[in-house]
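Next come the chains, spelled out residue by residue.
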Amino acid sequence: WTVIEFDENIIKLVDISGDGTEEFLTLERPTDNGGDEPTLSQVITEGIWLVAKYAEGEVNETSNYQGYKFIFKEDSTVVAYDDMNEIQGSWSTTYDGEHERLILDFGANVPFDEFNDDWYVFTYIATRVELHDISGGDGSQDVLVFEKVQ
């Protein structure tokens, strides 16, 4: 097991098996916030987002998305747009019994087809969403980070 995140309230671990499958373990200190924390769906549908980081393993591909902004709508559609293009996609969240997942689908629209996956929600706050995925091909970790611009 490898520690992927820790602080005074949480420890997150990942284990990558020889066939590239991933197992996650999260240990959290109980909180008494009365359920006031926003859900990922509530966070992501507020405002406009950009790709702050997209890396496939060690290869940083963030520049492929420079200038694009993203709007995640409550009807589970997502729009990626710049000054000349508008790409339609869909999004949803699910819980696999252990982890929240963000599922993105932009169809065959290059380069956004790289995002078509069920991403493990690594962490999120009101202005930043970090997603991880273990590649089925070589077992490397892909990272996608959205940051809110407004």
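Everything here concerns the structure above.
About the cut-offs
- Residues numbered from 1 in each chain as written.
- Predicted model: local features only at pLDDT ≥ 70, side-chain atom pairs only at ≥ 80, totals over all residues.
- Heavy atoms only, no water.
- Core = buried A, V, L, I, M, F, W, Y, C linked by side-chain atoms within 4.5 Å.
- Buried < 20%, exposed > 50% of the residue type's maximum accessible area, 1.4 Å probe, protein only.
- Contact = heavy atoms within 4.5 Å.
- Helix = DSSP H or I, 4+ residues; strand = E, 2+ residues; numbered from the N terminus.
- Polar contact = N/O pair within 3.5 Å; in protein donor to acceptor, adjacent residues only side chain to side chain.
- Phe/Tyr/Trp six-rings, centres within 6.5 Å; stacked < 30°, edge-to-face > 60°.
- Lys NZ or Arg CZ within 6 Å of the ring centre and 35° of its normal.
- Patch = residues over 30% accessible without salt bridge, like charges linked within 9 Å, V, L, I, M, F, W, Y side chains within 5 Å.
- Areas by Shrake-Rupley, 256 points an atom, 1.4 Å probe, with all protein chains shown as cover.
- Salt bridge = Lys/Arg side-chain N within 4 Å of Asp/Glu carboxyl O.

1. Notes on the nonpolar core
Soluble globular proteins tend to bury their nonpolar side chains together. Ranked by size, the top nonpolar core spans 25 residues in total, and within it Phe70, Phe72, Leu104, Phe112, Phe115, Leu144 and Phe146 carry the most contacts. In contact with Phe72, other than residues within four places in its own chain, are Ile44, Thr45, Trp49, Thr77, Val78, Trp91, Leu104 and Phe146.

2. Focus: the environment of Tyr124
Of note, Tyr124 is situated in strand E10 (residues 117–125). Tyr124 gets classed as partly exposed once you look at its relative accessible area, which sits at 25%. For the pair Tyr124 and Gly18, spaced 106 residues apart in sequence, the C-alpha separation works out to 29 Å. There is a polar contact of 3.2 Å between the side chain of Tyr124 and the backbone nitrogen of Leu40.

3. Some details on the packing of aromatic side chains
Aromatic rings considered in pairs are described by the distance between their centres and by the relative angle of their planes. Inspection of every chain in the model, using the stated rule, returns 17 aromatic pairs. Seen in terms of ring centroids, Phe70 and Phe106 are 6.3 Å apart; in terms of plane orientation they differ by 80°. Their pairing is edge-to-face. With Phe70 in strand E6 (residues 69–72) and Phe106 in the loop between strand E9 (100–105) and E10, this residue pair connects regions lying 36 residues apart in the sequence. A single burial state applies to Phe70 and to Phe106, both of which are buried. Ring geometry for Phe70 against Phe115: centres 6.4 Å apart, planes inclined by 45°, an arrangement best described as tilted. With Phe70 in strand E6 and Phe115 in the loop between E9 and E10, the pair connects residues that are 45 residues apart, well separated along the chain. For Phe70, a relative accessible area of 0% corresponds to the buried category. Through pairs of rings, three or more aromatic residues link up here, namely Tyr54, Tyr65, Tyr68, Phe70, Phe72, Trp91, Phe106, Phe112, Phe115, Trp119 and Phe146. For Lys12, the ring lying beneath its charged end belongs to Phe122, and the centroid distance is 5.3 Å.

4. As for a nonpolar patch on the surface
On the surface, Trp1, Val3, Phe6, Ile11, Leu25 and Leu27 cluster together to form a nonpolar patch covering roughly 610 Å² of accessible area. Contributions of two or more residues to the nonpolar patch are made by strand E1 (2–6) and strand E3 (22–28). Tracing the backbone through its elements, the reader meets Val3 in strand E1.

5. Structural notes on the side chain of Thr62
In this fold, Thr62 is placed in the loop between strand E5 (59–60) and E6. In contact with Thr62, other than residues within four places in its own chain, are Val51, Ala52, Lys53 and Tyr54.

6. A word on unusual backbone geometry
Pro111 follows Val110 through a cis peptide bond whose omega is 5°. With respect to the helices and strands, Pro111 occurs in the loop between E9 and E10. Its identity is not glycine, yet Ser76 carries a phi of approximately 70°, on the positive side. Note that Ser76 resides in the loop between E6 and strand E7 (77–81). Residue class for Ser76 comes out partly exposed when judged on its relative accessible area of 29%.

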